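In case you want the letters, here they are:
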Amino acid sequence: MRRLIRLTSCACLMALAPLAQAADATLLWYDKPATDWEKEALPIGNGRIGAMVFGGVESDRLQIAEKSLWTGGPGSEGGYDYGLPADSQAAVMSAVSKQLLEGATLAPEAVAKQLGRKMHNYGDYQSFGDLNIELEQSADPVSDYRRELDLVAGVARVKYKQGNVGYRREYFVSYPDQVLVGRWYSTSAQKVRVRYTVPDNRTAQARTEAGAKGGRIAISGALKSNGLKYAVELLVIPDCGGVTAEGDALRFEGDCALTFILAARTNYQMRYPDYRAAGVDPAVVAARDANTAAARQTTGLAGRHREDHQALYSRVKLDLGAVKTRLTTDRLRAGYGSGNAGNDRALEQLYFNFGRYLLIASSRAGALPANLQGVWNDKATPPWNADYHVNINLQMNYWPAEVANLAETTAPLFDFVDHLVTPGKLAAQRYFGAPGWTMFLNTNAWGYVGPIDWPTAFWQPEASAWLAQHYYEHYLFSRDEAFLKKRAWPVMKGAAEFWLAALVTDPRDGKLVVSPSYSPEHGPFTAGASMSQQIVADLFENTAAAARILKDKPFEQRIVDALAKLDRGLRIGKWGQLQEWKPDLDDAKDDHRHVSHLFALHPGRAIDPEKNEDLAAAARKTLDARGDASTGWSRAWKINFWARLRDGDRAHKLLAGLLSESTLPNLWDTHPPFQIDGNFGATAGMIEMLVQSQNDEIVILPALPQAWKQGSVDGVRARGDVTVNIKWDACGATSIQLSTGRDGALKLRSSLFKKEYVIESAKPRRIGPGAVSPGGEATLEARRNGFYSFIRADPVCEQ
Ligand code: FUC
């Protein structure tokens, strides 16, 4: 091979060292460039800016998205009404409700005709454009090609040789510096042409500057749809020499590395009703982002990114017994389940780590929450507008946030939901004549809170109650009373006020029910469908508990009184199933993907297999009837259901199905099409298999499958401000470590306590045998900042 020639900086030399051999389970890698955006390209992001890296040889494409670039909404031609009619619909709503309370079942089409509403200027999440970097073509053959996504570093890399010349590229999107950074290295001179292109649904003024120190492409304009302004600022900075302009492109020719810095901004502000940042010129902000980043130099940017990413990513470690495999990730996935257990564990670990990576990359404070595609989108009209569906999908996106020790990633969700309360109050008034707030099936970047007119899915007024659950869960995990008081309480109380007013008495049994009520995307409209009742019950239980903590006696009493009359939506039907509706309408042959009436099992907590054996058995019956094969997010939810039912093998079977049938080569979940909720739901489900804490005790390895014979998990979170490390073998837990953030009693459940064990506690250090408990329970008087370790006395597992 030719000698490395004339490298101008030591950064280049370091960069040309072999790619870091991170353990396989933290690296997605491929031996070909990506050609398909959805299936092959690799995602990087900082919550606000997302990029899909293709890693082409002759030209590389980075497709860019920015969370707030949405068509529709305020400023649209023909106006925008947030999904709300000008007049009250309460009378129509009551008339439909009355029919249902009298025992009618109504076809969704019939109800949609009366209560549905055409979406008007709802808009779509947009692509921000494409960064294209072309290399002068060469006839030499390409060898040693490798494209990878390093989950630990949060960096995408491309490396190959062409003839005797080595190439290496790195890309990341920095949260602290709010820019995308690219770095191109070569062992020989590079001849590069750089362009940025934007879709034609916007105006675009482009400015290209080139000089001795580098070049700049600045493009700004506004979406034709709504006038939302956008700007992109791209800096091309060679380590040596200058850059020349060529039309709308920049050209570089030289023998050194090249840095790209890309900033992307809009004048969106998440603020009802105008959604514009007054007086903000995104071109000025993007230029400032880019210039500030350039002043930090590449090493500074890379260091700050690494530190920021790792502070979140490195908190959790999972070892399921993966082997180090030489297979590319697409082959590893394609071969999953074909008999190589070590490889299968490697894919499962990788998928888990990828889920945590995706949440960090698509949900950071200061931007909108992760949408149906996280932050990535290349289309003008993406599937389901790449919006926020709130009858499962947005909620599922955030299931891993607390348990996977990424609580900070909930910040955009809470900012988003907080801001929906204001339009949500109008939705409550217009549709129900009720106080408090609510919303329906879906929402966008523009505070859309009304129903749509798609009969299959348009009526889900329980959405606000379900979103309120995330606030209370955040409190349960953190025990942060200031958060409970300032952030959670207004949202929870507002949702509870709505339901206190909107529930109606069912003449059939005098119970309080939701009417009209619809089990998501399935069956007829009835009064009191199980999911509706279970969500309201969950809200009321949580709100009553919060009211107790915050000492709001009168409100607590109102909720307690309503709870006494509330239909809990938990009935066992004629074939032993958990009923989906109040009347026993379930069809044992129905395999619909939504199994919404198991909300009480997960993410609710009303069904606990230890306490309600009958309901747990009915849930099992329902899940057996619905079957395991389904769409991506549905399989992911079922992992969680089976984990809560303490059936590790079945949960694992669902995970296996998801990996073999609902996972694309780039490990994105596919519904189909790509929908990120399945990635997040499965990541959360894998933790549910290892630790649960939803019912006032920490259960260790509640659903360990036989396939996970030996392993460990570190850094996952349990409710009560507890961080948990577990090691296990085929006999169960061999060691449990708890780091406790608060004083107070903790109840634990593990097979480890059934035999002799040793306790170690750091402050003060006590070592001794634990009291053997046949039921496997133990209690601990935990201390703030305490550390407790329980070790199985017999290290050998004899089965
Ligand atoms: C829910 C699902 C659909 C799809 C959509 C985005 O409505 O039922 O299958 O995932 O969200």
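Residues numbered from 1 in each chain as written. Predicted model: local features only at pLDDT ≥ 70, side-chain atom pairs only at ≥ 80, totals over all residues. Heavy atoms only, no water.

Notes on the overall build of the protein chain
From N to C terminus, the protein chain includes 17 helices and 33 strands. Whereas a compact globule of 799 residues would reach a radius of gyration of roughly 28 Å, the protein chain reaches 27 Å, a difference of no more than 12%. Burial analysis of the protein chain (799 residues in total) assigns 63% to the buried set. Here the contacts in the protein chain between residues at least 6 apart in sequence split such that 70% fall between residues at least 24 apart. Total accessible area computed for the protein chain in this model is approximately 28,300 Å², and 51% of it derives from carbon and sulfur atoms. Counting 93 positive and 91 negative side-chain charges, the protein chain places the centres of these two groups 3 Å from one another. (Helix = DSSP H or I, 4+ residues; strand = E, 2+ residues; numbered from the N terminus. Rg over C-alpha atoms; globule rule 2.2 N^0.38 Å. Buried < 20%, exposed > 50% of the residue type's maximum accessible area, 1.4 Å probe, protein only. Contact = heavy atoms within 4.5 Å. Areas by Shrake-Rupley, 256 points an atom, 1.4 Å probe, with all protein chains shown as cover. Lys, Arg positive; Asp, Glu negative; His and termini not counted. Charge placed at Lys NZ, Arg CZ, Asp CG, Glu CD.)

Notes on the pattern of salt bridges
The tally for this structure, following the rule as stated, stands at 62 salt bridges. A salt bridge links Arg568 to Glu541; the nearest nitrogen and oxygen atoms lie 2.8 Å apart. Taken together, the residues span a long stretch of sequence, with Arg568 in the loop between helix 13 (553-565) and helix 14 (613-626) and Glu541 in helix 12 (residues 530-550) at a distance of 27 residues. Among the residues examined, Arg568 registers a relative accessible area of 33% and is labelled partly exposed. The partly exposed category is assigned to Glu541, whose relative accessible area is 35%. (Salt bridge = Lys/Arg side-chain N within 4 Å of Asp/Glu carboxyl O.)

Let's talk about the sheet that holds strand 6 (residues 142-150)
Read from one edge of the open sheet, 9 strands run 1-6-7-8-9-16-13-12-11, paired in antiparallel fashion. Every interior strand has two partners, whereas the edge strands, strand 1 (27-30) and strand 11 (205-211), have only one. Going from strand to strand, the sheet's axes swing by 10° on average, the running direction of each strand aside. Judged from the 7 bridges that link them, strand 6 and strand 7 (residues 155-162) form a sheet pairing that is antiparallel. (Pairing = 2+ DSSP bridges. Axes fitted to C-alpha atoms, helices over the stretch in contact; angles between N-to-C directions.)

Quick notes on the pairing of strand 27 (residues 722-729)
In terms of residue burial, strand 27 counts as a mostly covered element, since 7 of its 8 residues are buried. Pairing of strand 26 (residues 711-718) with strand 27, which is carried by 6 bridges, proceeds in the antiparallel orientation. Pairing of Val716 across the sheet is with Val724, part of strand 27. Counting the residues in the hairpin turn of strand 26 and strand 27 gives 3 residues, including Gly720, whose phi is positive at 100°. Sheet topology note: the strand 27/strand 28 (residues 732-740) ladder contains 8 bridges and is antiparallel. In the sheet register, Ile726 faces strand 28, and the bridge partner there is Ile736.

A look at the nonpolar core
With 233 residues, the main nonpolar core has Ile44, Trp499, Phe540, Trp668 and Phe790 as its most contacted residues. A total of 12 residues in this core trace back to one element, the largest contributor, which is helix 11 (residues 481-502). Not counting residues within four places of it along the chain, the set of residues in contact with Trp668 comprises Trp37, Glu38, Pro43, Met52, Phe354, Leu358, Trp376, Ser662, Thr663, Phe674, Ile676 and Asn679. Listed in part, the 13 residues of the second largest apolar core include Val155, Ala231, Ala286 and Leu301. (Core = buried A, V, L, I, M, F, W, Y, C linked by side-chain atoms within 4.5 Å.)

Re the layout of surface pockets
If you add up the space inside the largest pocket, you get close to 720 Å³. Taken together, 35 residues form the lining of the largest pocket, with Leu476, Arg605, Gln694, Asn695 and Asp696 sitting closest to its centre. Broken down by secondary-structure element, the contributors of at least two residues to the lining of the largest pocket are helix 10 (463-478), helix 12 and strand 29 (744-749). Here the lining of the largest pocket takes 8 residues from helix 12, the largest share from any one element. Here the residues of the lining of the largest pocket are counted per class, giving 14 nonpolar, 9 polar and 12 charged. (1 Å grid on protein atoms, 1.4 Å probe; cavity = no way out; pocket = protein on both sides within 12 Å on 5 of 7 lines; lining within 4 Å. Points joined across faces, edges and corners; volume = space filled by probe spheres on them. Nonpolar A, V, L, I, M, F, W, Y, C, P; charged D, E, K, R; others polar.)

Let's talk about the sheet that holds strand 5 (residues 129-135)
Strand order in the open sheet made by the 7 strands is 2-3-4-5-10-15-14, with antiparallel pairing throughout. Each edge of the open sheet carries a strand with a single partner, namely strand 2 (42-45) and strand 14 (243-246). Taken pair by pair, the neighbouring strands of this sheet meet at an average axis angle of 20°, ignoring direction. Note that strand 4 (residues 59-66) and strand 5 share 6 bridges and pair antiparallel. The residue of strand 5 that forms the bridge with Leu62 is Leu131.

Comments concerning the pairing of strand 10 (residues 190-197)
On any regular strand, side chains alternate: one points to one face of the sheet, the next to the other face. Side chains Gln190, Val192, Val194 and Tyr196 project from strand 10 onto a buried face, and the interleaved Lys191, Arg193, Arg195 and Thr197 project onto a face without burial. One ladder, built from 6 bridges, connects strand 5 with strand 10; its direction is antiparallel. Looking across to strand 10, one finds that Leu135 is bridged to Val192. Note that strand 10 and strand 15 (residues 249-254) share 5 bridges and pair antiparallel. Considered in strand 15, the bridge of Gln190 is made with Gly254.

Thoughts on empty space enclosed by the protein
The tally for this structure, following the rule as stated, stands at 7 cavities of 30 Å³ or more. Looking at the largest cavity, its volume works out to about 230 Å³. Along the wall of the largest cavity there are 16 residues; nearest its centre are Tyr398, Trp399, Glu473, Phe477 and Arg719. Those elements that provide at least two residues to the lining of the largest cavity are helix 8 (399-403), helix 10, helix 15 (632-644) and helix 17 (677-690).

With respect to the site of the ligand
Lining the immediate environment of the ligand, one finds Leu372, Trp384, His389, Asn391, Asn393, Glu521, Arg593, His594, Trp633, His671 and Gln675. Here Arg593 contributes a side-chain N or O atom positioned 2.9 Å from an oxygen atom of the ligand. In this structure, His671 approaches the ligand through a side-chain N or O atom, which is 2.8 Å from an oxygen atom. In isolation the ligand offers 290 Å² of accessible surface; the protein chains occlude 99% of this area. (Near = heavy atom within 4 Å. Polar contact = N/O pair within 3.5 Å; in protein donor to acceptor, adjacent residues only side chain to side chain.)

Some details on helix 15
Helical geometry note: an α-helix holds 3.6 residues per turn, so side chains three or four residues apart project in the same direction. The terminal C-alpha atoms of helix 15 lie 19 Å apart, and with 13 residues this matches the ideal 18 Å at 1.5 Å per residue to within 8%. Where burial is concerned, most of helix 15 is hidden: 13 out of the 13 residues are buried. (Expected span 1.5 Å × (residues − 1).)

Observations concerning unusual backbone geometry
The amide bond that connects Tyr272 to the next residue, Pro273, takes the cis arrangement and shows omega of 0°. Take Pro273: it is sitting in the loop between strand 16 (258-266) and helix 4 (282-313). One non-glycine residue, Arg479, lies in the positive phi region at around 55°. Structurally, the position occupied by Arg479 is in the loop between helix 10 and helix 11. Its identity is not glycine, yet Lys551 carries a phi of approximately 60°, on the positive side. Positionally, Lys551 belongs in the loop between helix 12 and helix 13. Here Lys551 falls in the exposed class, since its relative accessible area comes to 72%.

A closer look at the environment of Pro238
Here Pro238 is to be found in strand 13 (residues 229-238). Judged by its relative accessible area of 8%, Pro238 is buried. Distance in space between the C-alpha atoms of Pro238 and Phe787 is 50 Å, their sequence separation being 549 residues.

A short note on helix 17
The end-to-end C-alpha distance of helix 17 is 20 Å, a good match for the 20 Å that 14 residues give at a rise of 1.5 Å each. In terms of residue burial, helix 17 counts as a mostly covered element, since 14 of its 14 residues are buried.

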